[in-house]
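Below are the chains, spelled out letter by letter.
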Amino acid sequence: METPVKSYLGFRAFLLFAAIVFTALGMWQVQRLFWKLDLIARVDARVHAAAVAPPSATEWPTIKSTDAEYRHVVLKGTFDNSRETLVQAVTERGPGFWVLTPLATADGGTVLINRGFVPPDRRNPVSRSEGQLQGEVSVTGLLRLTEPGGAFLRSNNPAAGNWYSRDVQAIGGDKGLADVAPYFIDADATANAGGYPVGGLTVIQFRNSHLVYALTWFALAIMSFAAMIMIPRLLRKET
């Protein structure tokens, strides 16, 4: 007849397997933690670096978020205020809209500029006519990649003029724009005449719970391993 200890060999093997799996998951989360910390450091360096020219048209096909997102850029061009697009936004100033305006650049391309936030009572351009800049302008801000499709449970509806995300390609197509860059620029906090739009409201925040996840997996691994060790001892006491 098998001893009680031997009868639990299968369960102990399962606990050992679980401990190995939990340890592996913990190590994976540690790797993710260092990756996230490196990403945060790189983005912070880009944001605070001296402003440079944005990627040219020849570079558009190879742009990657890991290299370009939140790059501090400066460019010149002319706003086409007649083709601005309002995208719904919720900011520290409350609900309202982002004002995305095409900027025609000297090389013949078009870059959408998120000029900033306006509250609902300023959505009509007539109510902020002083801020509708004419002639050549210089724009400084942060490069952001396109946001296709819409927001959670809300799809962009160009026909109705309802925009929930800054979908560069869709906005460009809706406004009949040609040679549109696959990114947009969040304008900095430089004040516009009349006070609107309000720029400089970019939120740079990365969720980083990898350390908590890692500690959780390691704790489960320790508990599984401890249970595997303790079972024979408990069985010996019972016998």
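Because the structure is predicted, anything quoted here is derived from the model rather than measured.

Asks: I would appreciate a short explanation of the overall build of the protein chain in the present structure.
Replies: Secondary structure summary: the protein chain contains five helices and eight strands in total. Starting at the N terminus and walking to the C terminus, you meet the elements of the protein chain as α-α-α-β-β-β-β-β-β-β-α-β-α. Considered along the principal axes of its C-alpha atoms, the protein chain spans approximately 95 × 35 × 30 Å. Residues counted as buried form 38% of the 239 residues belonging to the protein chain. For the protein chain, restricting intrachain contacts to residue pairs at least 6 apart in sequence, the fraction spanning at least 24 positions comes to 64%. Surface summary for the protein chain: the accessible area is close to 13,800 Å², and the carbon and sulfur share equals 60%. The positive charge centre, built from 23 side chains, and the negative charge centre, built from 20, are 11 Å apart in the protein chain.

Asks: Would you take a moment to explain the packing of aromatic side chains for this structure?
Replies: What describes a pair of aromatic rings is the distance from one ring centre to the other and the angle between the planes of the rings. The full count for this structure, using the stated rule, is three aromatic pairs. For the pair phenylalanine 22 and tryptophan 217, a centre-to-centre distance of 5.7 Å together with 20° between the ring planes defines the contact as stacked. Highlighted residues: phenylalanine 22 in helix α2 (residues 9-48) and tryptophan 217 in helix α5 (residues 210-238), separated in sequence by 195 residues. Judged by relative accessible area, which is 27%, tryptophan 217 ranks as partly exposed.

Asks: Would you take a moment to explain the nonpolar core for this structure?
Replies: Note that soluble globular proteins tend to have their nonpolar side chains buried in a common cluster. Membership of the largest hydrophobic core comes to 16 residues, with the highest contact counts inside it found for Ile113, Val139, Tyr183 and Ile185. Taken together, the elements giving at least two residues each to this core come down to β1 (72-79), β4 (110-118), β5 (136-145) and β8 (180-187). Among all residues touching valine 139, those that are not within four sequence positions of it are Val73, Val74, Leu75, Phe79, Leu103, Ile113 and Ala187. Grouped together as the second largest cluster of nonpolar side chains are 14 residues, Ala89, Leu100, Phe117 and Val168 included.

Asks: What's the story with the pattern of salt bridges in this structure? I'm lost.
Replies: Any two side chains of opposite charge can pair, given that their charged atoms come close. Following the criterion strictly, the structure yields seven salt bridges and no others. Notably, a salt bridge pairs glutamate 69 with arginine 144, separated by 3.1 Å at the nearest N-O pair. In this pair, glutamate 69 sits in the loop between α3 (65-68) and β1 while arginine 144 sits in strand β5, placing the two residues 75 residues apart along the sequence. As far as burial versus exposure is concerned, glutamate 69 and arginine 144 are alike and both buried. Put simply, glutamate 84 and arginine 128 hold a salt bridge, and the shortest N to O gap is 2.7 Å. Within this pair, whereas glutamate 84 is found in the loop between β1 and β2 (85-91), its partner arginine 128 is found in the loop between β4 and β5, the two being separated by 44 residues in sequence. The pair glutamate 84 / arginine 128 is uniform in exposure class, with both members buried.

Asks: Just checking my understanding: could you explain the layout of surface pockets for this structure?
Replies: Any space left empty among the atoms is revealed by the rolling of a water-sized probe across them. The volume enclosed by the largest pocket comes to roughly 320 Å³. Lining of the largest pocket is provided by 21 residues; of these, Arg144, Glu147, Arg166, Asp186 and Val203 occupy positions nearest its centre. At the level of elements, β2, β4, β5 and β8 are the ones that each hand at least two residues to the lining of the largest pocket.

Asks: I'm lost on the pairing of β5 in this one. Help?
Replies: Regular strands have side chains that alternate between both faces of the sheet. Counting buried residues in β5 gives seven out of 10 residues, a clear majority hidden from the surface. As paired strands, β1 and β5 are joined by seven bridges and run antiparallel to one another. Considered in β5, the bridge of glycine 77 is made with valine 137. When β5 meets β8, the two strands line up antiparallel, connected through five bridges. By the bridge assignment, leucine 143 is partnered in β8 with isoleucine 185.

What counts, and where the lines are drawn
- Residues numbered from 1 in each chain as written.
- Predicted model: local features only at pLDDT ≥ 70, side-chain atom pairs only at ≥ 80, totals over all residues.
- Heavy atoms only, no water.
- Helix = DSSP H or I, 4+ residues; strand = E, 2+ residues; numbered from the N terminus.
- Buried < 20%, exposed > 50% of the residue type's maximum accessible area, 1.4 Å probe, protein only.
- Contact = heavy atoms within 4.5 Å.
- Areas by Shrake-Rupley, 256 points an atom, 1.4 Å probe, with all protein chains shown as cover.
- Lys, Arg positive; Asp, Glu negative; His and termini not counted.
- Charge placed at Lys NZ, Arg CZ, Asp CG, Glu CD.
- Phe/Tyr/Trp six-rings, centres within 6.5 Å; stacked < 30°, edge-to-face > 60°.
- Core = buried A, V, L, I, M, F, W, Y, C linked by side-chain atoms within 4.5 Å.
- Salt bridge = Lys/Arg side-chain N within 4 Å of Asp/Glu carboxyl O.
- 1 Å grid on protein atoms, 1.4 Å probe; cavity = no way out; pocket = protein on both sides within 12 Å on 5 of 7 lines; lining within 4 Å.
- Points joined across faces, edges and corners; volume = space filled by probe spheres on them.
- Pairing = 2+ DSSP bridges.

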